[in-house]
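# Architecture at a glance
Single-letter residue listing:
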Amino acid sequence: AETPIILSSESEELILSLNGKKIVAKTFTENDGTITEGNTDSYAFWVQKDGKLTIEGKGEVRATDAKYSMAVWCQGGEVTIKGGTFYNGGDGCDLIYASNAGKVYIYGGEFHATKRSGEVPGTKNEYSALNLKDNSNSEILVYGGKFYGFNPANNVSEGPNTNFVAEGYESIEIEPNVFEVREIQ
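Bear in mind the structure is a predicted one, so any value in this text is a computation, not a measurement.

### Observations concerning the packing of aromatic side chains
Centre-to-centre distance and the angle between the planes together describe a pair of aromatic rings. Scanning the model with the defined rule gives nine aromatic pairs in all. Ring geometry for Tyr43 and Trp46: centres 5.3 Å apart, planes at 80°, overall edge-to-face. The buried category is assigned to Tyr43, whose relative accessible area is 3%. Judged by centre distance (6.2 Å) and plane angle (45°), the rings of Phe147 and Phe150 are tilted. Take Phe147 and Phe150: they sit in the same class, and that class is buried.

Listed below in structure tokens is the structure:
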């Protein structure tokens, strides 16, 4: 995609079956909501206001190296992820990010966190897959999925022990630094 796929109103709802395909975001500049040429941002999907996005099936969603690199930015609206493999470019930013009262629900998929420096040592994740903008009334709930380099039950960027795992589910370390979310048996 040359620019992100943007969903911004109630009438804009997309159910995307990846069907084995790869979506790779290019870099661009976002200036007050207007997208221009440049190389500072990279997101494959940008869900705003009342937009709705569901991603399912096998395939890849990948951002490229940029200052702000996110596979999915839910800036309001609602995102449901049921499948797919998600990657960030370079040092990335937050793989899946929610702000402006955005709601993200994850039922499956694979999420590969990328290394980042973090602004405040000891308060940010060295690797970040899921993040909320502070004081944004946003929400991320995880019901399933596999997370590489990131434990969704202990999101340091939101404060130590912040748990994005939905009630009745748990995050299990299935291999060193690989976490899978499952229903509690």
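Read on for the rest.
### A short note on the pairing of strand S16 (residues 145-148)
As a general feature of sheets, a regular strand has side chains that alternate between the two faces. With three bridges connecting them, strand S11 (residues 110-112) and S16 associate as parallel partners. Pairing of His112 across the sheet is with Tyr148, part of S16. Bridging between S16 and strand S18 (residues 178-183) involves four bridges; their strand directions are antiparallel. Counted as the bridge partner of Phe147 is Phe179 from S18.

### Re the side chain of Ser136
Within the secondary structure, Ser136 sits in the loop between strand S14 (130-132) and strand S15 (139-142). Here the side chain of Ser136 touches Lys133 through a polar contact of 2.7 Å, landing on its backbone oxygen. A distance of 2.7 Å separates a polar atom in the side chain of Ser136 from a polar atom in the side chain of Ser138. Beyond its immediate chain neighbours, meaning those up to four positions away, Ser136 contacts Ala98, Ser99, Asn100 and Ala101.

### Thoughts on unusual backbone geometry
One non-glycine residue, Ala101, adopts positive backbone phi at about 65°. Within the secondary structure layout, Ala101 lies in the loop between strand S9 (96-99) and strand S10 (103-106). According to the relative accessible area criterion, Ala101 is partly exposed, its value standing at 33%. At Asn137, a position not held by glycine, the phi torsion is positive, near 55°. Looking at the element boundaries, Asn137 is found in the loop between S14 and S15.

### Here we look at the nonpolar core
Counting 34 residues, the largest nonpolar core has Phe45, Phe86, Ile96, Leu130 and Phe147 as the members making the most contacts within it. Residue assignment for this core shows that the elements contributing at least two residues are strand S5 (34-56), strand S7 (68-81), S9, S10, S14 and S15. Ignoring any residue separated from it by four or fewer positions in sequence, one finds Phe86 in contact with Ile55, Val61, Ala71, Val72, Ile81, Leu95, Ile96, Glu110, Phe111 and His112. Among the nonpolar cores identified, the runner-up in size contains seven residues, and Tyr43, Met70, Trp73 and Tyr97 belong to it.

### Digging into the pattern of salt bridges
Inspection of every chain in the model, using the stated rule, returns three salt bridges. In this structure, Lys22 and Glu60 form a salt bridge, with 3.9 Å as the shortest nitrogen-oxygen distance. One end of the pair, Lys22, is in strand S3 (residues 22-24); the other, Glu60, is in strand S6 (residues 60-62), and 38 residues separate them in sequence. What makes Lys22 exposed here is its relative accessible area of 53%. Between Arg182 and Glu180 there is a salt bridge whose closest N-O contact spans 3.0 Å. For Glu180, a relative accessible area of 23% puts it in the partly exposed group. Taken together, the shared-partner salt bridges in this structure form one network comprising Lys22, Glu60 and Arg62.

### Topic: the pairing of strand S17 (residues 169-175)
Two strands pair when backbone bridges link them, and S17 and S18 are joined in this way by six bridges, in the antiparallel orientation. Paired with Glu170 across the bridge in S18 is Arg182. Once S17 ends, the chain turns through two residues before running back antiparallel as S18, passing Asn177 with a positive phi of about 65°.

Conventions we followed
- Residues numbered from 1 in each chain as written.
- Predicted model: local features only at pLDDT ≥ 70, side-chain atom pairs only at ≥ 80, totals over all residues.
- Heavy atoms only, no water.
- Phe/Tyr/Trp six-rings, centres within 6.5 Å; stacked < 30°, edge-to-face > 60°.
- Buried < 20%, exposed > 50% of the residue type's maximum accessible area, 1.4 Å probe, protein only.
- Pairing = 2+ DSSP bridges.
- Helix = DSSP H or I, 4+ residues; strand = E, 2+ residues; numbered from the N terminus.
- Polar contact = N/O pair within 3.5 Å; in protein donor to acceptor, adjacent residues only side chain to side chain.
- Contact = heavy atoms within 4.5 Å.
- Core = buried A, V, L, I, M, F, W, Y, C linked by side-chain atoms within 4.5 Å.
- Salt bridge = Lys/Arg side-chain N within 4 Å of Asp/Glu carboxyl O.

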